Amino acid sequence: LAPDEYTEVKRCIAEANNGRIPLVLGLGGNCTNAIINKIKNEDLTGFSAILSVVPYYNKPSQEGIYRHFKAIAEASPLPVVLYNIPGRTGVNMSAATTLRLAHDCKNIIGIKEASGKIDQVREIVSSKPENFEVVSGDDGLTLEFIRNGAVGVISVLGNLFPHEFGKMVRSALDNDYNTATLINNKFKKLYTLLFTDGNPSGVKCGLHALYGINNIVRLPLVPVGEQTALSLNQALSELKDIE
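Residues numbered from 1 in each chain as written. Predicted model: local features only at pLDDT ≥ 70, side-chain atom pairs only at ≥ 80, totals over all residues. Heavy atoms only, no water.

K.L.:
Before we move on, can you summarise the overall build of the chain with the specific residues and values?
P.N.:
Secondary structure summary: the chain contains 12 helices and five strands in total. Scaling as 2.2 N^0.38, a compact globule of 243 residues should have a C-alpha radius of gyration of about 18 Å, and the chain matches this with 18 Å. For the chain, the spread of C-alpha atoms along the three principal axes comes to 50 × 45 × 35 Å. Taking contacts inside the chain between residues at least 6 apart in sequence as the whole, the part at least 24 apart equals 65%. (Helix = DSSP H or I, 4+ residues; strand = E, 2+ residues; numbered from the N terminus. Rg over C-alpha atoms; globule rule 2.2 N^0.38 Å. Contact = heavy atoms within 4.5 Å.)

K.L.:
Hey, could you go over the pattern of salt bridges for me, with residue numbers and the actual values?
P.N.:
Two side chains with opposite charge may pair up if their charged atoms get near one another. Overall, the coordinates contain 10 salt bridges when judged by the stated rule. Of the charged contacts, one joins E63 and R67 as a salt bridge, the two residues approaching to 2.9 Å between their closest N and O atoms. With E63 and R67 both in helix 3 (residues 62-75), this residue pair falls four residues apart, about one helical turn. Judged by its relative accessible area of 31%, E63 falls in the partly exposed class. With a relative accessible area of 56%, R67 lands in the exposed category. (Salt bridge = Lys/Arg side-chain N within 4 Å of Asp/Glu carboxyl O. Buried < 20%, exposed > 50% of the residue type's maximum accessible area, 1.4 Å probe, protein only.)

K.L.:
Would you mind going over the side chain of S136 in detail, with residue names and values included?
P.N.:
You can see S136 is positioned in strand 5 (residues 133-136). A polar contact is formed between the side chain of S136 and the backbone oxygen of D138, at a distance of 2.9 Å. (Polar contact = N/O pair within 3.5 Å; in protein donor to acceptor, adjacent residues only side chain to side chain.)

K.L.:
Let's hear about a nonpolar patch on the surface: which residues, and what values?
P.N.:
On the surface, L210, Y211 and I213 cluster together into a nonpolar patch covering about 270 Å² of accessible area. Note that I213 resides in the loop between helix 11 (201-211) and helix 12 (226-238). A residue is classified by how much of its surface remains accessible, and I213, at 36% relative accessible area, is partly exposed. (Patch = residues over 30% accessible without salt bridge, like charges linked within 9 Å, V, L, I, M, F, W, Y side chains within 5 Å. Areas by Shrake-Rupley, 256 points an atom, 1.4 Å probe, with all protein chains shown as cover.)

K.L.:
Could you give me a rundown of the side chain of N148, with the residues and numbers involved?
P.N.:
The topology assignment puts N148 in the loop between helix 7 (142-147) and helix 8 (162-173). A relative accessible area of 16% means that N148 is categorised as buried. Side-chain polar atoms of N148 contact the side chain of R122, separated by 2.9 Å. Within the structure, the side chain of N148 is placed 2.8 Å from the backbone oxygen of E144, a separation counted as a polar contact. Those residues in contact with N148, other than ones at most four positions away along the chain, are I118, V121, R122 and V125.

Interpretation in functional terms is not warranted from these geometric data alone.
Laid out in structure tokens, this is it:
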């Protein structure tokens, strides 16, 4: 989006939400100073927190990651949620670094953890401050993450099935793992298919099939291939009666 389009979309989202639920704004990158300048000049009206990803491409050390997020936390007027996704950034933020940030920076309030490492989640949960929360960043592992102390998920699949996927999460949080497992098992094909040709191309294809939303993505992303689209449509048709 162009800067003026981005500003207008952000304003419309905050206005439509009207404080009903907390909104988190993604502000990340691989230049610490650029992110800090963005935070200082950003209109954060209507937003409750910032989500910031581990720096990508330049593959900083754990000390570099720590100093990066510490500087962001010191500059941010809003609470900060860390985002660890080594499959996209090229470097994993260790549990030790996450815990160091959680204990040293009072306005770092949680992490979207998408390392795929159950042991890492378990380590963070066991030693974190009380006011620091762990949420899953991987739909397919959300149930296991909750079993190990996560409190929810920032979901891709939830855009397609918000009620049903939400029911799985709430059931797990209520220790009703029988219900949660039944729902989770129904989604297993989608957990894979939504990422076969990349995200968000997969979920955009699903949104088009279910709700008629335009199947358009911006380069370098492209729509999913024909075979993936066929497989996705088949999987979606099998889930019509999921409730």
